[in-house]
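One letter stands for each residue in the lines below.
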Amino acid sequence: MSLEHWEEIRQIYESFRKLESSSIRSILELWSDRRPLEIKLSLMHEILVNSKRLKETMESIIRYLSEREWRGAIISIVGEYGSGKTQFGHILLRRLREERVFSKIITISPLKDVRELLLEELSDEGPTVLIIDEIDQLLDEFERGERRDIEYLADLIRGITEGSYGNPPRGSVIMLLSKRASDTMKRDRALGSRLMDRSREFSLSMSDDERERASKEALKKIIALWLAYFEQNDDMRYAIKRSLDKIYPFMERFASELSRTREIGGVVKGLTDLSSEIIKNLGRFEDMGRIEEGRFAEDLLKKFLLSEVRNIKLEVRIGDVTKDYIAVFSDEPLSVPGARTDAHFDVWTFDPRLGMRGNVLVSRVGIEIKYGEYWKERCDQLLKIMEKYPLLLISIADIDPDDITEMRIKMGMGFDIVNLKPDLFRTLQVLKEEAAMSFLGKYSTLRRDLKEALENLMRLAVKVKEEVSEQDILSEASVNVLSSVLRELRGAKSSKRYETLSKLIARAIEDTFRKHGASPPSLSSNVILGIVKILEREGMGRISQSGKSFNIDKDCRLRIEEIEQDMERRRRIERVIFDTISKPLGATLEL
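Keep in mind that this is a model prediction, so the values were computed, not measured.

Cut-offs applied
Residues numbered from 1 in each chain as written. Predicted model: local features only at pLDDT ≥ 70, side-chain atom pairs only at ≥ 80, totals over all residues. Heavy atoms only, no water. 1 Å grid on protein atoms, 1.4 Å probe; cavity = no way out; pocket = protein on both sides within 12 Å on 5 of 7 lines; lining within 4 Å. Points joined across faces, edges and corners; volume = space filled by probe spheres on them. Helix = DSSP H or I, 4+ residues; strand = E, 2+ residues; numbered from the N terminus. Pairing = 2+ DSSP bridges. Contact = heavy atoms within 4.5 Å. Axes fitted to C-alpha atoms, helices over the stretch in contact; angles between N-to-C directions. Salt bridge = Lys/Arg side-chain N within 4 Å of Asp/Glu carboxyl O. Buried < 20%, exposed > 50% of the residue type's maximum accessible area, 1.4 Å probe, protein only. Core = buried A, V, L, I, M, F, W, Y, C linked by side-chain atoms within 4.5 Å.

Colleague: Sorry if this is basic, but what is going on with empty space enclosed by the protein here?
Modeller: Using the criterion set out here, one finds 1 cavity of 30 Å³ or more in the structure. Considered as a void within the structure, the largest cavity measures approximately 40 Å³ in volume. Ile 223, Ile 240, Ile 247, Met 251, Ser 275, Ile 278 and Ile 279 together form the lining of the largest cavity. Taken together, the elements giving at least two residues each to the lining of the largest cavity come down to helix H12 (234-261) and helix H13 (264-280).

Okay, structure coming up:
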C-alpha cells in the first residue's frame, strides 16, 4: 500500500485511539447488522462516512425549522434503500435535542395503529418535531387500493402541522422516504396536495462518483477502527499493519465494486464483514516473488476446483430448448500434439429430476490456468488445444474487461475466459490456509463465472436439431446475443466501448451460423446499432454523446440483474432482437 494511503489511515487511527474497544466493537456490529449508530453527535460526525455533506444537510434542516419556530413544517428526507435515512434521522434527533426541542423518532409498523403511534408521542408543553421512518411499510397495502393507514398518516401530519381555531400548529414532521415512496405519494392526487406539495425535500442520494469516493473513505475508517480496537494487542495491530500491502488493494477494489450496485449503507456493511473475515483469519506473512505468487495461485485454484466446484450443473439454452448437463472437474491434463492442458472438465448429460448424471459424455473442456498476461501474445499452444477440445482459460491478471471481451472475440468459437484479479490472491497469501478456500468462494464470482463460461462453450457446441432453417438459426442467435451481452455488461466497470460491444454482437450471430455450417449474414452497422438501441430502451445502458461508449450506471446494473432473473422478459427482448436481425434477411419468427 502506498505511503499516502497509510498516512490517511494513520491519521484516522490516531483520532479513534481514544475510543473504548467495547464502543468500537459495538459500532462495527451495528454496521454489519445495518442498524443506526446511537452515539454522541460529535462522534457521529467523526465516524460516519460523507459526514461533511450530512452536517450541511442537517444544519439546513435545523435552520428551516427554527425559522418557523419548530412548527408547521413538513420535511421529506429522500434516498434509496441503504442511503442512510434512518441513521440521518438519529443525527437529526440528537441535533434537535441540542436545541431543546421535544423530538421523537417513530418507526411505522403495519402491526400497530398509525393514529395511536403518532398521537402518543406528542408533547403538550411545546412544539414537537416527529421523525417518521419506514413509511414504505404502508405502500404495499396502499398500492393494492387499501388507503386507510396512509390516509390516517396524512391526516395526522396535517393535524400536527396546521393550526386550528386560532391555535398554532403543534409541531413539525420529518418523513424519511425511499424514492419509491416519495414518487408514489407525489403521483397520488390526494396525498400530493395534502403532504408532498407542502413538503420541503432534502435528498441523501449520491452520484456514482460520490458513492465510490464515500466507499473508499469508509474502507479507511473501518481499517482505522480495527487498529484502534486492538490498541492493547500489539501482535494483532502489527499483523494488520504488516498485511496492509497485501489486503488493501483488494479491499479498495471490493469497495469500488460494491459502490456500483449498492447505496452507502450496503457498502459499509459489506466492507465491515469483509474486514472482519480477513482480520480473524490473518496467519501467513511470507514474502513471495512473481514466480512464487503464480505457483501459489495455480495450486490454490486447482485445490478449489477439486474440492469446491468439482461438479457444476449446467442449464444450456439453445434457441427455445434448454438442455441439462453436469461438468465434472478432473486435474488430469488433456494432451494434443505439441500441447497439454492443466486440467479439464468432462461434460455429461444430466437428469435434474433424479439428480443423476447420464451415461453420455457430451464434451471434454480443457482448462488452462495462467498467471499474468504473457499468454495474450503467445496463443499458439491454446490454438493447438482448441483444434481438438473447447478451451476454458482461467486467467489471473489485471486485464481490462473490454480487453477480455476482445480476446473472446479474437479466439472465436471453442474458447472462453474467466479472469480473476491478482489482488485477491495476494490477500489469500496472508490468510490461514484453512480459511483461504472458503474466502475464495465467498469473495470471488468464480463459481458463477465458470458455470457461465461452460454454458457458453456448450451453447456453441451442441445442436438440438440435425436440420435447421435460417429462422431456427436466427432464433438461436438472438438468444446468444442477449446472453453474451448481459454477461459482458455485468462485468464492465462504468462503460463498454461501443466498438467492442458491436463486435461482440456480430460475433455471437456469426458463431451461431458457423456452428450450423451456414454462412453468416452480412450485417450493416445500422442493424448492430438497432440491437444496441434495444439494450438502451431496456435500461441496460446509454450510448454516450460521442457514440464511442455504452455507459452503465447503478440503475442500469439493477436493470441487468432484473433481466437476468426474468425469463419472460428475456424472451421478449430476444424476440425484438430477432426482428431487428431478420428484417434485412426477410425471415420471420413463428411464435
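From this point, the narrative continues.
Colleague: Whenever I open this one, the sheet that holds strand E14 (residues 495-497) confuses me. Can you help?
Modeller: What links the strands of a sheet is backbone hydrogen bonding, and the strands pair in either a parallel or an antiparallel sense. The 3 strands lie next to each other as E14-E16-E15, forming an open sheet whose pairing is antiparallel. Edge positions in the open sheet fall to E14 and strand E15 (542-543), since each of these has one partner strand only. Where E14 meets strand E16 (residues 549-551), 3 bridges bridge the pair, whose relative direction is antiparallel. The residue bridging Arg 497 from the neighbouring strand is Ser 549, located in E16. Here helix H21 (residues 498-515) sits on the sheet in contact with E14, E15 and E16, set at roughly 70° to E14.

Colleague: Where do I start with the pattern of salt bridges in this structure?
Modeller: Two side chains of opposite charge can pair, provided their charged atoms sit close to one another. Going through the model one piece at a time under the given rule, you end up with 63 salt bridges. Arg 487 is the partner of Asp 416 in a salt bridge, and the nearest nitrogen-oxygen pair spans 2.8 Å. Placement of the pair is Asp 416 in strand E13 (residues 415-420) and Arg 487 in helix H20 (residues 470-491), with a sequence separation of 71 residues. The same class applies to Asp 416 and to Arg 487, which are both buried. Two residues, Arg 507 and Asp 511, come together in a salt bridge whose shortest N-O distance is 2.9 Å.

Colleague: Looking at this structure, how should I read the nonpolar core?
Modeller: Most often, soluble globular proteins keep nonpolar side chains buried together rather than apart. In this structure, Trp 31, Ile 174, Phe 425 and Leu 428 are the most contacted members of the largest nonpolar core, which totals 114 residues. Setting aside residues up to four positions removed in sequence, Ile 174 forms contacts with Ile 61, Leu 65, Ile 75, Ile 77, Leu 92, Val 129, Leu 130, Ile 131 and Ile 132. The next biggest cluster of nonpolar side chains, apart from the first, holds 33 residues, and it includes Leu 474, Leu 486, Ile 573 and Phe 578.

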